[in-house]
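# Chain and residue survey
Residue-level listing of the chains:
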Amino acid sequence: MSKFPPKPGPLSAKPLGILLNDVFAEAYAKQGFAARELVTRWAQIAGPEIAAHAEPLRMQWPRPVEGQPQEPATLVLRVEGPMALEIQHSADVILERVNRFFGWSAVGKLAFRQAPLSRPRARKRPGPPDPKAVAKVAESLTDIEDEQLKTALARLGAAIKRN
């Protein structure tokens, strides 16, 4: 018998999405979404033009009446103020695309809430550094013999100084 504890077995890491699946499922269910794919795949479902200015906020399901078929839900969309009228004119297209995604007439009407979208705007990438600044940094790199490396380091240095 050894004095040391046995070696631990191999670690198996699980993807974060699997670990948080139940947490997200519960959060989406509270908003009336039976499937979170309507939110996560909104740009593919609604199209990039619509998704750029509107996003699903929640689905409101009417209370079921015993003996009656389930009434379709109301999809509440958050829409940027200036585009609200344009998105409202696209309501039939949005309904058709959402119901095609579900495979049945799950959504009967849309409601709109004017507010800024929740996702962050894409950051604009800065352009290449000024060639004069690159040349100035390159002059200080006298110890480097490889020209490609020297050029790359000069561009990097000029970009760092710019920021």
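Presented here is an overview of the structure given in this document.

About the cut-offs
Along each chain, numbering runs from 1 in the same order as the chain's sequence is written. Confidence filtering applies because this is a predicted model: local features only for residues at pLDDT of at least 70, side-chain atom pairs given and counted only at 80 or more, and all residues used for totals across whole chains, interfaces and linings. As a rule here, side-chain values come from all non-hydrogen atoms in the structure, and water together with hydrogens is ignored. We count a stretch as a helix when DSSP gives it H or I for four or more residues in a row; a strand needs E for two or more, and each element gets its number in order from the N terminus. Relative accessibility thresholds used throughout: buried, under 20% of the residue-type maximum; exposed, over 50%; partly exposed, between the two (1.4 Å probe, protein chains only). By definition in these notes, contact holds between two residues if any of their heavy atoms fall within 4.5 Å. Here an angle of 0 to 180 degrees is reported between the N-to-C directions of two axes, which are lines fitted to C-alpha atoms, with helices fitted over the stretch in contact. Relative orientations are named as follows: roughly parallel for angles under 35 degrees, roughly antiparallel for angles over 145 degrees, roughly perpendicular for angles from 65 to 115 degrees, and oblique for any other angle. Crossing handedness follows the turn of the near helix against the far one: under a right angle anticlockwise gives a left-handed crossing, and clockwise gives a right-handed one. Any residue outside Ala, Val, Leu, Ile, Met, Phe, Trp, Tyr, Cys, Pro, Asp, Glu, Lys and Arg is labelled polar, Gly included; the first ten of those are nonpolar and the last four are charged. The salt bridge criterion pairs a side-chain nitrogen of Lys or Arg with a carboxyl oxygen of Asp or Glu, the two atoms within 4 Å. Patch members must show over 30% relative accessible area and no salt bridge, and they are joined within 9 Å when carrying like charges or within 5 Å when they are nonpolar side chains of Val, Leu, Ile, Met, Phe, Trp or Tyr. The accessible surface values rely on the Shrake-Rupley method and a 1.4 Å probe; as for residues, cover is taken only from the protein chains in view. Two strands form a pair only when DSSP identifies at least two bridges running between them. His is not counted, nor are the chain ends; Lys and Arg add positive charge and Asp and Glu add negative charge. Note that the charge is assigned to NZ on lysines, CZ on arginines, CG on aspartates and CD on glutamates.

## So, the overall build of the protein
- The helix and strand tally for the protein stands at nine helices and three strands.
- Within the protein, buried positions represent 26% of all 163 residues.
- Contacts in the protein between residues at least 24 apart in sequence constitute 58% of all its contacts with a sequence separation of at least 6.

## Quick notes on the packing of helix α8 (residues 131-139) against helix α9 (residues 147-162)
- Relative to each other, α8 and α9 sit at 120°, their axes nearing to 8 Å. Put simply, α8 runs oblique to α9. When the axes of α8 and α9 are compared, the crossing they make is right-handed. Across from A133, V134, V137 and A138 in α8, the residues of α9 making contact are K150, L153, A154, R155, G157, A158 and K161.
- For the contact of α8 with α9, the per-class residue count stands at seven nonpolar, one polar and three charged.

## Considering the pattern of salt bridges
- For the structure on display, the rule yields two salt bridges.
- Linking E55 and R78 is a salt bridge whose minimum nitrogen-to-oxygen distance equals 2.9 Å. Linking E55 in strand β1 (residues 54-60) with R78 in strand β2 (residues 73-79), this pair joins segments that are 23 residues apart in sequence. Judged on exposure class, the residue E55 and its partner R78 are both buried.

## Points about a nonpolar patch on the surface
- There is a patch of nonpolar side chains on the surface, built from L149, L153, L156 and I160 and spanning about 350 Å² of accessible area.
- One can find L149 in helix α9.

## Let's talk about the sheet that holds strand β3 (residues 107-114)
- Strand order across the open sheet formed by three strands is β1-β2-β3, with mixed pairing between neighbours. Each of the sheet's edge strands pairs with one partner strand only, and the pair in question is β1 and β3. The sheet shows a mean angle of 30° between the axes of neighbouring strands, taken without regard to direction.
- Two strands pair when backbone bridges link them, and β1 and β2 are joined in this way by six bridges, in the antiparallel orientation. When the bridges of β2 are listed, A54 appears paired with V79.
- Running at roughly 125° to β3, helix α7 (residues 91-102) makes contact with β1, β2 and β3 of the sheet.

## So, a negative patch on the surface
- A surface patch of negative charge is lined by D143, E145, D146 and E147.
- Mapped onto the secondary structure, D146 falls in the loop between α8 and α9.

These values are about where atoms sit, not about what they do.
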